[in-house]
Amino acid sequence: MKVVALKDIIGTEQEVKADNWTSRRLLLKKDGMGYSVHDTIIKAGTETHIWYQNHLESVYCIEGEGEVVTLKDNKVWPIKKDEIYALDQHDEHLLRAKTDMRMVCVFNPPITGAETHDENGVYPVVEDE
C-alpha cells in the first residue's frame, strides 16, 4: 500500500517547474505501478507545445478551462473542469490555458521524474533510474 500526500511533494525534487506549468509528481517509475501520476498546474494565458512520442497520457481537468489543439488535423478540443482527454495516438498538440488549470495526468510508460521536454515537446523513455 502506498499513500502519498501532495503537501509532502511540494518543494521537493518531485515538484518540477517550467515557464508554463508546475508538475507535482505523485507516483513515478520507481513506485512500480506501471504508470506515473502527476498533479499539474498549467498557467493561465500560456500555450505549451507537447508531443509524447514515447508515452500515452490521460489528463483529467479538476480546475480551470483551456483547450487542446491536435496538430495533425488542427482540431480544437475545449477542456474544462470535470473532463478527461486521452492522447491515445501519441498526439502532437498545443495545450492552451484560458485560466489556471489544475490537471491530474497519468503517463504510460511511467516517467522517472527527471525528464524534461526536449525542443519537440517530447519526454525521452528512461530505461534505468
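Residues numbered from 1 in each chain as written. Predicted model: local features only at pLDDT ≥ 70, side-chain atom pairs only at ≥ 80, totals over all residues. Heavy atoms only, no water.

> I tried to follow the overall build of the chain on my own but got confused; where do I start?
The number of helices and strands found in the chain is 1 helix and 10 strands. Taken from N to C terminus, the helices and strands of the chain fall in the order α-β-β-β-β-β-β-β-β-β-β. The contacts of the chain with a sequence gap of at least 6 include a subset with a gap of at least 24, amounting to 63%. Just so you have it, the chain exposes about 7,200 Å², and 51% of that area is on carbon and sulfur atoms. (Helix = DSSP H or I, 4+ residues; strand = E, 2+ residues; numbered from the N terminus. Contact = heavy atoms within 4.5 Å. Areas by Shrake-Rupley, 256 points an atom, 1.4 Å probe, with all protein chains shown as cover.)

> How should I be thinking about the pattern of salt bridges in this particular structure?
Side-chain pairs of opposite charge can arise whenever the charged atoms involved come near each other. Under the defined criterion, the tally for this structure stands at 7 salt bridges. One salt bridge connects Asp8 with Lys7, and the closest N-O pair in it is separated by 3.3 Å. The residue Glu67 makes a salt bridge to Arg96 at a minimum N-O spacing of 2.9 Å. With Glu67 in strand E6 (residues 65–70) and Arg96 in strand E9 (residues 92–97), the pair connects residues that are 29 residues apart, well separated along the chain. What makes Arg96 partly exposed here is its relative accessible area of 29%. Through salt bridges with shared partners, a single ionic network connects Arg24, Asp39 and Arg102. (Salt bridge = Lys/Arg side-chain N within 4 Å of Asp/Glu carboxyl O. Buried < 20%, exposed > 50% of the residue type's maximum accessible area, 1.4 Å probe, protein only.)

> Would you take a moment to explain the environment of Leu95 for this structure?
As for its placement among the helices and strands, Leu95 is situated in strand E9. Here Leu95 falls in the buried class, since its relative accessible area comes to 5%. For the pair Leu95 and Thr48, spaced 47 residues apart in sequence, the C-alpha separation works out to 5.1 Å. Sequence-distant contacts of Leu95, defined by excluding residues within four places in its chain, comprise Ile42, Thr46, Glu47, Thr48, Ile50, Glu67, Val68 and Tyr85.

> I'm lost on the sheet that holds strand E2 (residues 21–27) in this one. Help?
Two strands in a sheet stick together by hydrogen bonds in their backbones, pointing the same way (parallel) or opposite ways (antiparallel). The 6 strands are arranged E1-E2-E3-E10-E5-E8 in an open sheet whose pairing can be described as antiparallel. The sheet is open, and its two borders are formed by strand E1 (15–17) and strand E8 (83–87), each paired with just one other strand. Direction aside, the axes of adjacent strands within the sheet are offset by 20 degrees on average. Looking at chain direction, strand E5 (residues 56–63) and E8 are connected through 5 bridges and run antiparallel. Paired with Tyr60 across the bridge in E8 is Ile84. (Pairing = 2+ DSSP bridges. Axes fitted to C-alpha atoms, helices over the stretch in contact; angles between N-to-C directions.)

> Mind showing me how you'd approach the pairing of E6 here?
Regular strands show a simple pattern: their side chains alternate between the two faces of the sheet. Counting buried residues along E6, 5 of its 6 residues qualify, which places the element largely inside the surrounding structure. Two elements, E6 and strand E7 (residues 75–80), share 6 bridges in a ladder whose sense is antiparallel. Looking at E7, one finds that Thr70 is bridged to Lys75. A loop of 4 residues connects E6 with E7, the two strands running antiparallel in sequence, and Asn74 in this loop sits at a positive phi of about 55 degrees. Examined bridge by bridge, E6 and E9 share 5 bridges and lie antiparallel to one another. Note that in E9 the partner of Glu67 across the bridge is Arg96.

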